[in-house]
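# A structural walkthrough
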Amino acid sequence: MRVLVVEDDVEAAAYIVKGLRESGHVVDHAANGDDGLNLAMSGQFDVLVIDRMLPRQDGLSVVSTLREEGQTTPVLFLSALGEVEDRVSGLRAGGDDYLTKPFAFAELLARIEVLVRRANPGETQTRMRVGGLEMDLLARKVTRDGQDIDLQPREFRLLEYLMKHAGQVVTRTMLLENVWEYHFDPQTNVIDVHISRLRAKIDKNFETPLLHTVRGAGYTLRAPG
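Residues take numbers from 1 onward in each chain, read along the sequence in its written order. Where local features are concerned, this predicted model is filtered to residues with pLDDT of at least 70; where side-chain atom pairs are given and counted, the filter is 80 or more; whole-chain, interface and lining totals use all residues. Only hydrogens and water are set aside; all other atoms, that is, all heavy atoms of the structure, feed into the side-chain values.

The chain has the name Response regulator in an unreviewed UniProt entry, where Pyruvatibacter mobilis is given as its organism.

Okay, here's the thing in structure tokens:
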């Protein structure tokens with residue numbers, strides 16, 4: 001998922017962003033209502049997580065404007081205001097769900113996943129398979145030919161992206177932007193290192209390799225034959 005978090009509290013924002021990224025999602029962050037609205041208007045996000053009390057423009061105004069402009073991206077409101085009338089006002093402003101602070105990250109993640117499933121009932125893909133390699137996105141589990149493969153969070157994201165583009169050549173730029181969220185070349189071997197680690201885990205002990213280097217172009221994950 002691509003998630004926009006609009007939260008002015010530095011610690012809360014860092015906590016949410018870190019957790020979502022570790023769960024394999026791409027996250028953008030805005031620290032005030034104006035910046036949040038501008039980003040949200042792009043329509044490139046699967047879900048918006050918006051705090052009610054924001055500088056420059058509060059969360060209710062941001063969501064009301066989005067709905068007036070025809071933006072239908074699901075919205076989860078976060079707020080320390082937890083009375084019934086507070087929740088109702090958030091939902092009536094165009095929010096789809098309302099979570100009161102403090103909250104457990106597991107509940108935040110579950111609510112986000114539900115909102116995305118509701119918005120795209122026919123598009124939710126929770127399992128992927130390439131040859132004998134299988135990925136369960138909900139259980140965060142990877143197996144090949146029935147054998148469990150233990151991946152670090154970044155390795156999981158890398159493999160998820162490769163599996164979603166199975167059979168296609170994925171360039172280094174695509175990986176930097178979609179797995180590392182870099183919009184520039186950091187001039188490091190970070191991709192090579194992670195590809196090498198991933199290849200060792202999904203290919204080394206198996207007869208047929210799935211992950212291939214395409215010289216001068218990038219990488220491809222493809223089933224044998």
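That shown, we press on.
To continue, consider unusual backbone geometry. With an omega of -5 degrees, the peptide bond between lysine 101 and proline 102 qualifies as cis. Assignment of secondary structure puts proline 102 in the loop between strand 5 (97–100) and helix 5 (105–119). The backbone of arginine 56 shows a phi angle near 75 degrees, a positive value even though the residue is not glycine. Runs of E in the DSSP output that reach at least two residues are strands. Runs of H or I that reach at least four are helices, and both are numbered from the N terminus. Structurally, the position occupied by arginine 56 is in the loop between strand 3 (47–51) and helix 3 (59–68). Although it is not a glycine, aspartate 145 adopts a positive phi angle of roughly 50 degrees. Within the secondary structure, aspartate 145 sits in the loop between strand 8 (141–144) and strand 9 (147–149).

Looking at where threonine 73 falls in the secondary structure, it is placed in the loop between helix 3 and strand 4 (75–79). The buried label applies to any residue whose accessible area, calculated with a 1.4 Å probe on protein chains only, is under 20% of its type's maximum; exposed applies above 50%, and partly exposed to all values in between. Taking relative accessible area as the criterion, threonine 73 reaches 11% and is therefore assigned buried. Ignoring any residue separated from it by four or fewer positions in sequence, one finds threonine 73 in contact with Phe45, Asp46, Val47, Leu48, Arg67 and Asp96. In this description, contact between two residues means that some pair of their heavy atoms is separated by no more than 4.5 Å.

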